[in-house]
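# Descriptive structure summary
Letter by letter, the chains look like this.
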Amino acid sequence: MVRTPLTPEERERGERLGQLLREARGERSMVEVAASAGLSAETLRKIETGRAPTPAFFTVAALAGALGLSLDEVLARCAPLPA
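So, a few notes on the structure that sits alongside this text. (Residues numbered from 1 in each chain as written. Predicted model: local features only at pLDDT ≥ 70, side-chain atom pairs only at ≥ 80, totals over all residues. Heavy atoms only, no water.)

## So, the packing of aromatic side chains
- A complete count under the given rule lists one aromatic pair for this structure.
- Both rings, one in Phe 57 and one in Phe 58, keep their centres 5.3 Å apart while their planes meet at 80°; by these two values the pair is edge-to-face. Exposure class is identical for Phe 57 and Phe 58. Each is exposed. (Phe/Tyr/Trp six-rings, centres within 6.5 Å; stacked < 30°, edge-to-face > 60°. Buried < 20%, exposed > 50% of the residue type's maximum accessible area, 1.4 Å probe, protein only.)

Shown next, in the form of structure tokens:
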């Protein structure tokens, strides 16, 4: 199965998500946050660095919960920018 290449907008959204997660994580370690979200630290690392710019909804929801973010806040910070 071949994946469709990501659009520049999808990449930018992934970068905004990564930045939001890094900011919300603060001084907490990746291992600590990933474990509380039920994910591997490598998955969190890939999302934060933009190497996984389109994580699954449930992954984002788990990270938001672990970081005390509402999904509304995640959407507001990561939604496509108006043209």
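## Describing the nonpolar core
- Counting residues in hydrophobic clusters, the biggest one holds 18 residues, and the most contacted among them are Leu 17, Leu 21, Leu 44, Leu 63, Leu 69 and Val 74.
- Contributions of two or more residues to this core are made by α1 (8-25), α2 (30-37), α3 (41-49), α4 (57-67) and α5 (71-78).
- In terms of residue count, the dominant contributor to this core is α4 (five residues).
- The contact partners of Leu 44, leaving out residues within four places of it in the chain, are Leu 21, Arg 25, Met 30, Val 33, Ala 34 and Leu 63. (Core = buried A, V, L, I, M, F, W, Y, C linked by side-chain atoms within 4.5 Å. Helix = DSSP H or I, 4+ residues; strand = E, 2+ residues; numbered from the N terminus. Contact = heavy atoms within 4.5 Å.)

## Overview of the packing of α1 against α4
- Taken N-terminus to C-terminus, the directions of α1 and α4 make an angle of 25°; their axes are 10 Å apart at the nearest point. Relative to α4, the element α1 lies roughly parallel. In the packing of α1 onto α4, the handedness of the crossing is left-handed. Mapping the contact onto sequence places Leu 17, Leu 21, Ala 24 and Arg 25 in α1 and Val 60, Leu 63 and Leu 67 in α4. (Axes fitted to C-alpha atoms, helices over the stretch in contact; angles between N-to-C directions. Parallel < 35°, antiparallel > 145°, perpendicular 65-115°, else oblique. Left-handed = near helix turned anticlockwise from the far one by under 90°.)

## Brief notes about α4
- Among all positions of α4, only Thr 59, Val 60, Leu 63, Ala 64, Ala 66 and Leu 67 are buried. Angularly, the buried residues of α4 cover 165° about the axis, an arc narrow enough to put them on a single face. Turned more than 90 degrees from where α4 packs its buried face, Phe 57, Phe 58 and Gly 65 sit exposed.
- Of the surrounding secondary structure, the elements contacted by the buried residues of α4 are α1, α2, α3 and α5. (Arc of directions from axis to C-beta.)

## What about the environment of Ala 37?
- Relative to the helices and strands, Ala 37 resides in helix α2.
- A relative accessible area of 14% places Ala 37 in the buried class.
- Along the backbone, Ala 37 and Pro 5 are 32 residues apart, and their C-alpha atoms lie at a distance of 28 Å.

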